[in-house]
Amino acid sequence: LRLRMLSPAAAVVSAVRAAGGSPTALRRAHARLLKDGLALHPPAPSLLVSAYAKCRLLPDARRVFDESPSRDLHLYSSLLAAVSNSDAPYLVLPIIRRMLSADALQPDHFVLASIASASARLRSLSLGKQLHGHFVASPYSGDDVVKSSLIDMYCKCGFPDDARKVFDSLSAKNSVVWTALVSGYASNGYTDEALELFRSMPGRGLFAWTALVSGYVRAGESVSAVELFVEMRRDAVTIDDAFVLSAVTGGAADLAALVLGRQLHGLSMRLGFLSSMMVGNALVDMYSKCSDIHSAREVFEEITVRDIISWTTMIVGEAQHGRAGEAFALYDRMILAGVKPNEVTFVGLIYACSHAGLVQKGRQLFDSVKREYDINPGLQLYTCYLDLLSRSGHLSEAEELITTMPYEPDEAAWGALLSACKKHNDAEMCVRVADNLLELGPKYPSTCVLLSNVYAVNGKWGSVSTVRKLMANMKINKEPGYSWVEVGRESRLFHAGEVPVDMREEILVFLEELVSEMRRRGYVPDTSSVMHDLEEHEKEHHLFLHSERLAVAFGILKSLPGSVIRVVKNLRVCGDCHTVMKLISEIFQRKIIVRDATRFHHFEGGKCSCGEFW
């Protein structure tokens with residue numbers, strides 16, 4: 001009765017607003033409008049499209065649009081805004097074509113802003129540039145809202161300098177566009193430009209600081225990100241949003257800085273953000289990457305509302321620490337909780353299978369991705385499954401997979417297969433896979449070193465020369481091995497072959513006594529990983545000064561008896577050091593956790609959590 005007392009337009013507005021963002025209430029209001037003959041009365045279609053979009057009911061929004069007898073720019077603008085912010089921004093393209101051809105409408109500034117937003121989401125520079133050209137020639141060329149969207153598009157497509165040109169043309173610059181450009185520069189690795197722009201920004205608030213800190217983390221400059229966060233705290237900027245804490249905690253995770261991570265955990269607690277799922281997820285990831293999987297699990301269990309990121313982060317963490325049983329149990333709990341897994345979840349689960357030798361379990365999981373969850377496996381998941389097969393010795397099946405999968409194998413895929421062939425001593429396949437990898441043109445130093453070693457072992461000196469020329473032309477040098485260890489509030493970085501002067505005598509004496517004790521227990525150095533043309537005793541000395549041994553020696557000498565030694569290494573642990581770590585854990589009754597380039601190794605009582613699958 002109340003709706004009938006209003007004008008048609010007012011009745012429509014009242015009905016849609018009364019739904020209050022509830023999908024059920026909105027559909028009920030829509031049905032009422034249909035019954036009263038008002039569903040097609042302007043502004044009903046555009047209001048319903050926007051309302052359905054806000055409720056994440058894009059099919060309903062599209063249905064309203066398609067059933068509308070006349071589609072004007074206002075209706076197109078509502079649908080394009082909905083689609084550009086949805087999970088399917090690519091649907092913008094056919095809608096634009098329909099607008100230009102079927103309805104012969106030219107985009108206004110609202111439509112142009114939505115297309116720019118979709119271009120940013122799609123990371124489509126070509127679409128963004130076409131839009132920019134049309135915008136410059138249009139009557140709306142001075143519109144700052146569209147320019148702001150173009151700045152975001154260029155930043156997300158990796159071209160912050162083009163974003164800067166648009167930024168400089170703005171008639172009025174608000175904090176949103178300043179922040180967007182700061183984030184764009186930092187996220188794309190232009191950290192000096194980001195900092196310079198940030199310093200010149202008027203009225204820097206929390207969101208600008210967050211953009212800078214998170215951008216530095218994404219650019220891999222986590223040390224600087226932490227320093228900026230400390231500066232922000234000194235400037236007494238009020239933290240009333242959790243994102244900056246999540247970002248800087250991610251920086252601590254990248255640095256494997258456990259002491260810093262614990263301090264950030266305490267700060268989050270004091271500021272009242274432990275109930276934030278975003279902060280909880282970041283803490284789980286941080287503790288996992290800092291070798292403290294038990295603290296990661298404690299934080300996870302305290303997260304009251306968990307999303308797919310929460311579950312997947314914990315599953316991947318358990319998998320990387322060699323706790324396959326815990327990873328599978330978490331997966332079962334997740335399914336019972338009604339959370340649908342995504343591709344990254346399966347990457348973690350199959351990774352767990354790969355590092356525990358569970359081939360059949362991995363096959364079942366890979367088959368379920370498409371069959372049970374209708375997920376099309378991407379290249380990363382195929383590569384993980386390939387690693388499972390090849391690591392477990394199923395080399396022929398792995399080679400068939402890499403040649404039949406619906407993606408062109410990349411360097412990581414061929415590298416995983418080649419590494420397994422080398423491990424399982426299949427010389428014929430080694431050379432065949434190496435040739436494919438060489439033809440691809442490797443770009444990473446570790447891959448080139450692997451190629452060179454494989455060809456050298458198999459006497460293919462011509463190919464060794466080709467790889468070395470490739471490395472020289474690309475100015476690729478073998479990445480030097482280094483290890484990082486924290487002992488209390490003290491931390492040290494050790495490079496292979498370099499003993500710090502201030503502890504040189506202590507460390508060398510410790511290692512010499514260690515070797516003597518290990519030999520008494522039957523230790524024989526495995527020099528197969530030393531590819532230099534050296535005498536046997538020189539090869540043994542080369543192993544003697546590997547960076548992880550120096551780091552562990554420092555850790556034992558400087559820490560309290562019984563405390564855990566945590567080491568982070570940039571390269572994969574060699575076979576001999578893996579044996580040595582097991583012996584040290586037994587001799588000194590210490591737990592040693594080593595995070596290398598592929599996984600975590602928990603050494604305790606003469607054994608390793610990897611079970612020799614690494």
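By convention here, each chain's residues receive numbers from 1 onward along its written sequence. Local features are withheld for residues below a pLDDT of 70 in this predicted model, meaning they are given only at 70 or higher, and side-chain atom pairs are given and counted only at 80 or more; totals for whole chains, interfaces and linings count all residues. Each side-chain value is worked out from all heavy atoms of the structure, with water and hydrogens disregarded.

The subject of this paragraph is the UniProt feature "repeat: PPR" (unreviewed entry) in the chain. The positions that UniProt labels "repeat: PPR" (unreviewed entry) are, in the present scheme, residues 143-173, 174-208 and 307-341. End C-alpha atoms of residues 143-173 are separated by 12 Å, and the span's content is 71% helix alongside 0% strand. Helix numbering and strand numbering both begin at the N terminus, where a helix is a DSSP run of H or I of at least 4 residues and a strand a DSSP run of E of at least 2. Along residues 174-208 one finds 71% helix and 0% strand; the C-alpha atoms at either end are 11 Å apart. UniProt positions are given in the numbering used here, feature names are shortened, and annotations may be inferred rather than shown by experiment.

Our next topic: the packing of helix α15 (residues 222-234) against helix α16 (residues 243-255). Interhelical geometry of α15 versus α16 gives an angle of 140° and a closest axis separation of 9 Å. Between α15 and α16, the angle falls in the class oblique. Relative to α16, α15 is oriented so that their crossing is left-handed. Facing α15, whose interface residues are Ser222, Val223, Val226, Phe229 and Met232, α16 presents Val244, Leu245, Val248, Gly251, Asp254 and Leu255. Gly is put with the polar residues, along with every residue not named as nonpolar or charged; the nonpolar set is Ala, Val, Leu, Ile, Met, Phe, Trp, Tyr, Cys and Pro, and the charged set is Asp, Glu, Lys and Arg. Within the contact of α15 with α16, the residues separate by chemical class into eight nonpolar, two polar and one charged. A fitted line through C-alpha atoms serves as each axis, taken over the contacting stretch for helices, and the angle formed by two N-to-C directions is quoted from 0 to 180°. Any angle from 65 to 115 degrees is called roughly perpendicular, while one under 35 is roughly parallel, one over 145 is roughly antiparallel, and all others are oblique. Here is the rule for handedness: rotate from the far helix to the near one, and if that takes an anticlockwise turn smaller than a right angle the crossing is left-handed, while a clockwise turn gives right-handed. It only takes one pair of heavy atoms within 4.5 Å for two residues to be counted as in contact.

A few words now on the pairing of strand β1 (residues 482-487). Alternating positions in β1 separate cleanly, Ser483, Val485 and Val487 being buried on one face and Tyr482, Trp484 and Glu486 remaining unburied on the opposite face. The criterion for strand pairing is that DSSP finds at least two bridges linking the strands in question. Of the strand pairs in this sheet, β1 and strand β2 (residues 490-495) are connected by six bridges, and their pairing is antiparallel. Bridged to Ser483 within β2 is Phe494. Joining the antiparallel neighbours β1 and β2 is a turn of two residues, in which Gly488 adopts a positive phi near 60°. Where β1 and strand β3 (residues 565-569) come together, three bridges link them in antiparallel fashion. Residue pairing for β3: Val485 is matched across the bridge by Val567. Only protein chains enter the accessibility calculation, which uses a 1.4 Å probe. A residue is then buried if its area is under 20% of the maximum for its type, exposed if over 50%, and partly exposed in between.

What follows deals with helix α24 (residues 379-391). In this scheme, a helix's expected span is set at 1.5 Å multiplied by one less than its residue total. Here α24 is 13 residues long and its end C-alpha atoms lie 18 Å apart, about the 18 Å a rise of 1.5 Å per residue gives. With eleven of its 13 residues buried, α24 lies for the most part within the structure. Within the sequence span of α24, burial applies to Leu381, Tyr382, Thr383, Cys384, Tyr385, Leu386, Asp387, Leu388, Leu389, Ser390 and Arg391. If you follow the buried residues of α24, they end up packed against α22 (343-354), α23 (359-373), α25 (395-404) and α26 (411-423). Two residues or fewer after α24 comes Gly393, characterised by a positive phi angle close to 90°.

The next subject is the pattern of salt bridges. By salt bridge we mean one thing: a side-chain nitrogen of Lys or Arg within 4 Å of a carboxyl oxygen of Asp or Glu. With the rule as written, the count across this model stands at 29 salt bridges. Between Arg371 and Glu372 there is a salt bridge, with the nearest N and O atoms lying 3.2 Å from each other. By relative accessible area, Arg371 is classed as exposed at 58%. In this structure, a network of salt bridges that share partners links the residues Arg297, Glu301, Arg306, Glu318, Arg323 and Arg333.

With a phi angle near 55°, Arg123 is a residue other than glycine that sits in the positive phi range. Here Arg123 shows up in the loop between α8 (109-122) and α9 (125-137). One non-glycine residue with positive phi stands out, namely Gln589, at about 50°. Assignment of secondary structure puts Gln589 in the loop between α33 (575-587) and β4 (592-595). Judged by its relative accessible area of 60%, Gln589 is exposed.

Moving on: the state of the cysteines. In what follows, a disulfide is any cysteine sulfur pair within 2.5 Å. Across all of its chains, the model carries zero disulfides by this definition. Not part of a disulfide, Cys290 finds its nearest cysteine sulfur in Cys608, a span of 19 Å. A relative accessible area of 3% places Cys290 in the buried class. Note on Cys608: relative accessible area 11%, which makes it buried.

Turning our eyes to something else, we now look at the side chain of Thr447. Position of Thr447 among the secondary structure elements: in helix α28 (residues 445-457). The residues touching Thr447, leaving out its near neighbours within four places in the chain, are Glu411, Leu437 and Pro442.

Quick look at the sheet that holds β2 now. Taken in spatial order, the six strands line up as β2-β1-β3-β4-β5-β6 in an open sheet, and their pairing is mixed. Strands at the two margins of the open sheet, each flanked by one partner only, are β2 and β6 (607-608). When strand β5 (residues 600-604) meets β6, the two strands line up antiparallel, connected through two bridges. Looking at β6, one finds that Phe603 is bridged to Cys608.

Turning next to α25. Taken together, the buried positions of α25 are occupied by Leu395, Ala398, Glu399, Leu401 and Ile402. One face of α25 carries all of its buried residues, which in axial projection span an arc of 160°. Of the exposed residues in α25, those oriented more than 90 degrees away from the buried face are Ser396, Glu400, Thr403 and Thr404. Taken together, the buried residues of α25 touch α24, α26 and α27 (427-440). Our arc is simply the arc of the directions from the helix axis toward the C-beta atoms.

Aromatic pairing here means that ring centres of Phe, Tyr or Trp (its six-membered ring) are within 6.5 Å. Orientation follows from the plane angle: under 30 degrees is stacked, over 60 is edge-to-face, and everything else is tilted. Within the structure shown, the criterion is met by twelve aromatic pairs. Considering the side-chain rings of Phe494 and Phe554, the 5.5 Å spacing of their centres and the 55° angle between planes classify their relative orientation as tilted. Taken together, the positions of Phe494 in strand β2 and Phe554 in helix α32 (residues 547-558) put the pair 60 residues apart, joining distant regions of the chain. Of the residues examined, Phe554 reaches a relative accessible area of 0% and is grouped as buried. Through a chain of ring-to-ring contacts, three or more aromatic side chains come together here, namely Phe366, Tyr382, Tyr385 and Tyr407. Above the ring of Phe167, the side-chain terminus of Lys173 is found at 5.2 Å from the ring centroid. Comment: the charge-over-ring label is applied if NZ (Lys) or CZ (Arg) is within 6 Å of the ring centre and within 35 degrees of the ring normal.

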